[in-house]
Amino acid sequence: LVGSEMCIRDSNTSDIIVYPNPINNENHVQIITGNVSIKKVDLLLTSALGKVLVSKNVNLKYGKTTLDVSNLTSGVYILQVRSIEGQSNFKILKK
């Protein structure tokens, strides 16, 4: 499944994609917005139990950024991506 198939939309941020998802042996996931005018996003990565693992504000380059997932163990995570356009929550599966 890719990005939008594992996404719960909370606003009009339908252009955001998280790839790859599920994560196999990759050390990073890409967060891609369809709107290059968005310059910053807030990222919040939590475990399935709600424990905050990553919370940061990142600058986008050409509407893209990456998130290091090398330290994650196998399981389900929630990635919240917030921008000026709204918010999307992605269920991330690390195999």
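The text that follows walks through the structure, step by step, so that each part is easy to find.

## Some points on the overall build of the protein
Moving on, step 1. Counting its secondary structure elements, the protein contains 0 helices and 8 strands.
Moving on, step 2. Scanning the protein from its N terminus toward the C terminus, one meets helices and strands in the order β-β-β-β-β-β-β-β.
Moving on, step 3. Relative to its full complement of 95 residues, the protein shows a buried share of 40%.
Moving on, step 4. Within the protein, contacts between residues at least 6 apart in sequence are counted, and of these 53% link residues at least 24 apart.
Moving on, step 5. Accessible surface for the protein amounts to roughly 5,500 Å². Of this, 51% is attributable to carbon and sulfur atoms.

## Some thoughts on the environment of L60
Moving on, step 1. As for its position among the elements, L60 is in the loop between β5 (52–59) and β6 (64–68).
Moving on, step 2. For the pair L60 and K39, spaced 21 residues apart in the sequence, the C-alpha separation amounts to 5.1 Å.
Moving on, step 3. If we skip the residues at most four places from it in the chain, L60 touches T33, I38, K39, K40, V41 and T65.

## Some details on the nonpolar core
Moving on, step 1. Among the nonpolar cores identified, the biggest contains 20 residues, and I31, L43, L67, L79 and V81 are the most heavily contacted of them.
Moving on, step 2. Listing elements by their share of this core, those giving two or more residues are β3 (28–32), β4 (40–47), β5, β7 (75–83) and β8 (86–94).
Moving on, step 3. When residues no more than four places from it in sequence are discounted, the contact partners of V81 are I16, I31, V41, D42, L43, G86, Q87, S88 and F90.

## Structural notes on the sheet that holds β3
Moving on, step 1. Pairing in this open sheet of 3 strands is antiparallel, and the strands run β2-β3-β6 from one edge to the other. Only two strands of the sheet have a single partner each, and these edge strands are β2 (17–19) and β6. The mean angle between the axes of side-by-side strands here comes to 25°, regardless of whether they run parallel or antiparallel.
Moving on, step 2. Examined bridge by bridge, β3 and β6 share 5 bridges and lie antiparallel to one another. Within β6, the residue paired with I32 across the bridge is K64.

Cut-off values and rules
- Residues numbered from 1 in each chain as written.
- Predicted model: local features only at pLDDT ≥ 70, side-chain atom pairs only at ≥ 80, totals over all residues.
- Heavy atoms only, no water.
- Helix = DSSP H or I, 4+ residues; strand = E, 2+ residues; numbered from the N terminus.
- Buried < 20%, exposed > 50% of the residue type's maximum accessible area, 1.4 Å probe, protein only.
- Contact = heavy atoms within 4.5 Å.
- Areas by Shrake-Rupley, 256 points an atom, 1.4 Å probe, with all protein chains shown as cover.
- Core = buried A, V, L, I, M, F, W, Y, C linked by side-chain atoms within 4.5 Å.
- Pairing = 2+ DSSP bridges.
- Axes fitted to C-alpha atoms, helices over the stretch in contact; angles between N-to-C directions.

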